[in-house]
Amino acid sequence: MKHVRQLRHGRSVADAVLGVGIALAGTLAMAPAATAVTPDTATLSFDCGSYGSGTATLTATQDGTAATISVSTSAITSPIDLGANSVSSKLTLTKNGSGTTEFSGSSNPAIPAGSAVSTGPLTGTVAAGDSLEATSLQVKVLGITATCNATSPQSPGPFVF
């Protein structure tokens, strides 16, 4: 017959280890979740002047004070095939209803001729509680800059970090 080593108060080593494991699992379950932006996706309309107009979908993510926003818009279509990482973009957003902040980057997937332009992730910095809503988008392709101005508010609302 096997002997189980007994600790004080009649508990075995296995019981003690199990108890510690349960306590750790409970602590991890109660740990605060990673910060998240809400909503994580929003849409709005842009007017890009002679380059066109249309809707855009913005997708936001957050990791602490670092945030990214990716943009896919039918407001601008590519006249030719564009390689990956060939589009430079700057998204301007109102910050907390008064100031502005910018997210920028030069990252994009390959875009076939005639397709909608997608850009991002565009990077920026946020603080807890920041409320951001897009107001304009500048897209630079092949040395040509298209400026698009928002013609509608973001729906379902501004990003809150």
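Trainee: What is the right way to read the side chain of Asp130 from this model?
Mentor: Along the chain, Asp130 turns up in the loop between strand S6 (116–125) and strand S7 (131–141). A distance of 3.3 Å separates the side chain of Asp130 from the side chain of Asn96, its partner in a polar contact. Residue contacts for Asp130: discarding those within four places in its chain leaves Lys95, Asn96, Phe159, Val160 and Phe161.

Trainee: In this structure, what is going on with the confidence of the model for the protein chain? I would like to understand it.
Mentor: In regions of low pLDDT, the predicted coordinates are not meant to be interpreted in detail. With 78% of its residues at a pLDDT of at least 70, the protein chain reaches an overall mean of 83. Summarising per-element confidence for the protein chain, the mean pLDDT is lowest in helix H1 (residues 13–30) (38) and highest in strand S9 (residues 159–160) (98). Low pLDDT, under 50, characterises residues 11–33; the stretch is placed with eleven contacts to residues that sit more than four places away or in other chains.

Trainee: I keep staring at the environment of Ala60 and nothing clicks. Help me out?
Mentor: Summarising the element assignment, Ala60 is placed in strand S2 (residues 53–63). The class for Ala60 is buried, based on a relative accessible area of 3%. Separated by 101 residues in sequence, Ala60 and Phe161 place their C-alpha atoms 9.5 Å apart. Aside from chain neighbours lying at most four places away, what touches Ala60 is Val37, Asp40, Thr68, Ile69, Phe159 and Phe161.

Trainee: So what exactly am I meant to see when it comes to the pairing of strand S4 (residues 87–95) here?
Mentor: The two faces of the sheet receive side chains in turn, since in a regular strand these alternate between them. In terms of strand pairing, S4 meets S7 through nine bridges, oriented antiparallel. By the bridge assignment for S7, Ser89 is matched with Val139. Relative to strand S5 (residues 99–105), S4 runs antiparallel, the two being bridged by seven bridges. Across the sheet, Lys90 pairs through a bridge with Ser104, a residue of S5. The hairpin turn running from S4 into S5, its antiparallel successor, is three residues long, and Asn96 in that turn takes a positive phi close to 55 degrees.

What counts, and at which threshold
Residues numbered from 1 in each chain as written. Predicted model: local features only at pLDDT ≥ 70, side-chain atom pairs only at ≥ 80, totals over all residues. Heavy atoms only, no water. Helix = DSSP H or I, 4+ residues; strand = E, 2+ residues; numbered from the N terminus. Polar contact = N/O pair within 3.5 Å; in protein donor to acceptor, adjacent residues only side chain to side chain. Contact = heavy atoms within 4.5 Å. pLDDT = per-residue confidence, 0-100. Buried < 20%, exposed > 50% of the residue type's maximum accessible area, 1.4 Å probe, protein only. Pairing = 2+ DSSP bridges.

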